[in-house]
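Here are the chains, one letter per residue:
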Amino acid sequence: MKQHFFKHPLGKLTLFIVFLFLLVAAFIYYLLLPSPTPNTAVTSSISFKTPPNLTGTDISASWDVVPNVIRYELYRQIGDGERELVYQGETNSFIEKREFPDRRYTYWVDVVTPGNIKQTFGPFFVLPKSGTVEPVVVDAPKVTKKIKDQEVIFTLRHSGENVDEFLVLVQAPGENDFAPDTVLAASAKKIRRENLPAGKYTYGFISKFQGALSDTAKITFSIAEKPPILPPTDNIVVIPKVEKREETPPPPPKEEDKPVALTLQPPTALKIDFQDDSYVHFSWDYIDSKKEKVLVQRKEILNGEFQTLQVLSASESFYMDENLTTGTTYYYQLITVYQDQQSAPSEMLNYTAGPTGGTENNGAEYEAGLQAFLRKDYALAKKHLQNIRKPENPVAQEREYLSAILLLGQIAIYENTLQSARSYLQEALEIDPKRAETYYWLGQYHLRTAAYKNAIENFDKVFKYQRNLSADSFESTLFYSHSGTIEALFGWWQSEDDPEQKGYLARGELDYKTTNFLNKYCNGNIPAGVSEGERHCRNVRIIQQTISNYSNLEVPK
């Protein structure tokens, strides 16, 4: 009966209608099911780039949030390597460091929705740094040296073209490698290094232009041991000039060459300023003249003969006698001389060398060192500050020791002895890791060694540890830290090879910070006669002007 029904035309029509109904019902059911496909807007909004707040080796990914998502999965392939899972989570962003800038990075994003339904978007590419740049030819400077005792003067000869600055390196005695010494401006002609200990030195000079470096011009020399002071004579021996025989009579002497009859007066008001068991520092009223000289004389026996220790210009008014013997009495006098004339001796000054003791003298030594530092008599300042003993028990005197270490670090920076500066500042950091002033000078140290990112990190810590943030005024610690951060960013900007990163710095960090700094500190409210603060304002204006043209350019894609 059933077979007969389906063979009938009506049966066949009924079977076709049922089949068609089931097919339509299945299609409608499929349409009414929740779609496993996430919001396709993610395909157009996802981005892989190097944003302005990251370094040139970082990659940042971000995309629109997908509703009802369980998780995102991010896969990465470096070059032709294996595809690997690098991120899994609910956050719609990801940052990683690009360890191989010269390779292509490929990414895929899997969006997982309820029911563990997954859809893949990608691939997305981060291309390697491309484009070729003609190599910049940078010539090394030609350097000559002149050595006298423990001092060496380097003379740089260069055209000044294709040079932004010079990097100076030093290999000190006993060292196997070069260490940073200083950074010189392109206009530099000479560099002086004084009080070098005996030993063999090698200095290296490198020209830098648009991030490219020249070969290293090396100068090797040796400093001999300081010769002993020979017993000088009391009298100045004037060697008469031997006149050449000429057929014609010599011209009459010029007015300034004629002998001048002078009544020379000796220096007055001799007094001892500072002393220790091995040295004495004394001063006098200086002589306002450019012609006379001053003989510094000493004897160790009251009835003995004076010996000349040093010949000074008349404009100098102090002397430090070192390497004294404890318990010995020394007698000093001064004599003014001009050509073959000399004054009567000054009043006699005597001093008996003796020990200074331990930490009980720290306060006096620090005060004496501080006063010498303020007068920029750095040799005397170091002498006093290095005499300060570190207390065994960290009590109030510890602060005097820490302040002394910080001053020694500043002096080393001023004198460009950067290895010593780093040692002092590291010791200060170990004593008190939360002192803002230490981080400021560490920033200055890194600025001078062209470690710009380290400099920025240390200047930022000044704002973290500065106790009185409200004292952010012209020539405050915060003022100089703001200025130091800008100088470090500008140094980084000058050394940056990536045009895109350089554009981000110019249009972002540098433009923002220079504008804020000038508006806050340098627009008409500067106290009169404050040259150091004015110099920093002027430098920031120069930096702003330098980057202004670049900040208007479009960053290359």
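Quantities reported herein were computed from a predicted structural model and do not represent experimental measurements. (Residues numbered from 1 in each chain as written. Predicted model: local features only at pLDDT ≥ 70, side-chain atom pairs only at ≥ 80, totals over all residues. Heavy atoms only, no water.)

## Some points on the packing of helix α7 (residues 418-431) against helix α8 (residues 436-448)
Running from N to C, α7 and α8 cross one another at 155 degrees; their axes reach a closest spacing of 10 Å. One way to sum up the angle between α7 and α8 is to call them roughly antiparallel. Note on packing geometry: the crossing formed by α7 with α8 is left-handed. Along the contact surface, α7 presents Leu 418, Ala 421, Arg 422, Leu 425, Gln 426, Ala 428 and Leu 429, while α8 presents Thr 438, Tyr 439, Trp 441, Leu 442, Tyr 445, His 446 and Arg 448. For the contact of α7 with α8, the per-class residue count stands at nine nonpolar, three polar and two charged. (Axes fitted to C-alpha atoms, helices over the stretch in contact; angles between N-to-C directions. Helix = DSSP H or I, 4+ residues; strand = E, 2+ residues; numbered from the N terminus. Parallel < 35°, antiparallel > 145°, perpendicular 65-115°, else oblique. Left-handed = near helix turned anticlockwise from the far one by under 90°. Contact = heavy atoms within 4.5 Å. Nonpolar A, V, L, I, M, F, W, Y, C, P; charged D, E, K, R; others polar.)

## Structural notes on the sheet that holds strand β3 (residues 71-78)
Read across the sheet, four strands follow the order β4-β3-β6-β7 without closing on themselves; strand pairing throughout is antiparallel. In the strand order of this sheet, the two ends are held by β4 (84-89) and β7 (117-126), each with one partner. Neighbouring strand axes in the sheet, compared pairwise and without regard to direction, differ in orientation by 20 degrees on average. In the sheet, β3 pairs with strand β6 (residues 105-113) via eight bridges, with the strands oriented antiparallel. The partner of Ile 78 across the bridge, within β6, is Tyr 105. (Pairing = 2+ DSSP bridges.)

## Observations regarding the pairing of strand β13 (residues 199-209)
Judged by how many residues are buried, β13 sits mostly within the fold: nine of eleven residues are covered. Of the strand pairs in this sheet, strand β10 (residues 165-171) and β13 are connected by seven bridges, and their pairing is antiparallel. Residue pairing across strands places Leu 169 opposite Gly 204, the latter belonging to β13. Here β13 runs beside strand β15 (residues 217-223); their pairing, made up of seven bridges, is antiparallel. When the bridges of β15 are listed, Thr 202 appears paired with Thr 220. (Buried < 20%, exposed > 50% of the residue type's maximum accessible area, 1.4 Å probe, protein only.)

## A look at the packing of aromatic side chains
Enumeration over the complete set of coordinates arrives at 22 aromatic pairs. On the basis of an interplanar angle of 10 degrees and a centroid distance of 6.0 Å, the ring pair of Tyr 203 and Phe 221 is categorised as stacked. Placement of Tyr 203 in strand β13 and of Phe 221 in strand β15 is noted, with a sequence separation of 18 residues between them. According to the relative accessible area criterion, Tyr 203 is buried, its value standing at 3%. With a centroid separation of 4.9 Å and 45 degrees between ring planes, the pair formed by Phe 282 and Tyr 332 is classed as tilted. In this pair, Phe 282 sits in strand β17 (residues 280-285) while Tyr 332 sits in strand β21 (residues 329-338), placing the two residues 50 residues apart along the sequence. The burial state of Phe 282 is the same as that of Tyr 332; both residues are buried. Among the aromatic side chains, those forming a connected cluster through ring pairs are Phe 373, Tyr 378, Tyr 414, Tyr 440, Trp 441 and Phe 459. In this arrangement the basic side chain of Arg 83 is found over the ring face of Tyr 75, its NZ or CZ atom lying 4.9 Å from the centre. (Phe/Tyr/Trp six-rings, centres within 6.5 Å; stacked < 30°, edge-to-face > 60°. Lys NZ or Arg CZ within 6 Å of the ring centre and 35° of its normal.)

## Quick word on a nonpolar patch on the surface
Together, Leu 10, Leu 13, Phe 16, Ile 17, Phe 19, Leu 20, Leu 23 and Val 24 line one region of the surface with nonpolar side chains, adding up to about 810 Å² of accessible area. Structurally, Leu 10 is set in helix α2 (residues 9-32). Its relative accessible area of 51% is what places Leu 10 among the exposed residues. (Patch = residues over 30% accessible without salt bridge, like charges linked within 9 Å, V, L, I, M, F, W, Y side chains within 5 Å. Areas by Shrake-Rupley, 256 points an atom, 1.4 Å probe, with all protein chains shown as cover. Salt bridge = Lys/Arg side-chain N within 4 Å of Asp/Glu carboxyl O.)

## Re the sheet that holds strand β12 (residues 190-193)
Backbone-to-backbone hydrogen bonds pair the strands of a sheet. The strands run either parallel or antiparallel. With respect to topology, three strands assemble into an open sheet ordered β8-β9-β12, the strand pairing being antiparallel. Strands with a single pairing partner mark the edges of an open sheet, and in this sheet they are β8 (142-148) and β12. Here the average twist between neighbouring strands, direction ignored, is 20 degrees. Bridge count between β8 and strand β9 (residues 151-157): seven bridges; the pairing is antiparallel.

## Points about the side chain of Arg 193
Turning to its location among the elements, Arg 193 is positioned in strand β12. Under the relative-accessibility criterion, Arg 193 is labelled buried at 7%. In terms of polar contacts, Arg 193 uses its side chain to reach the side chain of Asp 181, at 2.5 Å. (Polar contact = N/O pair within 3.5 Å; in protein donor to acceptor, adjacent residues only side chain to side chain.)

## Comments concerning unusual backbone geometry
Negative phi is the rule for most residues except glycine; trans is the rule for most peptide bonds. Phi at Gln 339 is positive, roughly 50 degrees, even though this residue is not glycine. Phi at Asn 416 is positive, roughly 60 degrees, even though this residue is not glycine. Residue position: Asn 416 is located in the loop between α6 (397-414) and α7.

## What to know about the nonpolar core
With 58 residues, the main nonpolar core has Leu 385, Leu 425, Phe 479, Trp 493, Leu 510 and Phe 517 as its most contacted residues. If you tally residues by element for this core, the top one is α6, at ten residues. Apart from the residues within four sequence positions on either side, Phe 479 is in contact with Asp 472, Ser 473, Phe 474, Phe 517, Tyr 521, Gly 533, His 536 and Cys 537. Within the second largest apolar cluster, 20 residues are counted, among which are Val 168, Leu 184, Ile 191 and Tyr 203. (Core = buried A, V, L, I, M, F, W, Y, C linked by side-chain atoms within 4.5 Å.)

## Re the confidence of the model for the protein chain
Chain-level pLDDT for the protein chain is 76 on average; 75% of the residues reach the 70-or-more range. Per-element mean pLDDT across the protein chain ranges from 39 in helix α3 (residues 41-45) up to 92 in strand β18 (residues 293-299). Here residues 34-45 scores under 50 on pLDDT; set against residues more than four positions off or in separate chains, the count is 20 contacts. (pLDDT = per-residue confidence, 0-100.)

## Concerning the environment of Tyr 445
Tracing the backbone shows Tyr 445 in helix α8. Judged by relative accessible area, Tyr 445 falls into the buried class, the value being 10%. Sequence-wise, Tyr 445 and Ala 455 are ten residues apart; in three dimensions their C-alpha atoms are separated by 7.6 Å. Not counting residues up to four positions away in its chain, the partners in contact with Tyr 445 are Ile 413, Leu 418, Ala 421, Arg 422 and Leu 425.

## Some details on the pattern of salt bridges
Counting across every chain of the model gives twelve salt bridges. Among the salt bridges present, the one from Lys 382 reaches Glu 415, with a minimum N-O distance of 3.1 Å. Taken as a pair, Lys 382 in helix α5 (residues 378-385) and Glu 415 in the loop between α6 and α7 lie far apart in primary sequence, 33 residues in all. Assessed through its relative accessible area of 25%, Lys 382 is described here as partly exposed. Looking at Glu 415, the relative accessible area reads 29%, which means it is partly exposed.

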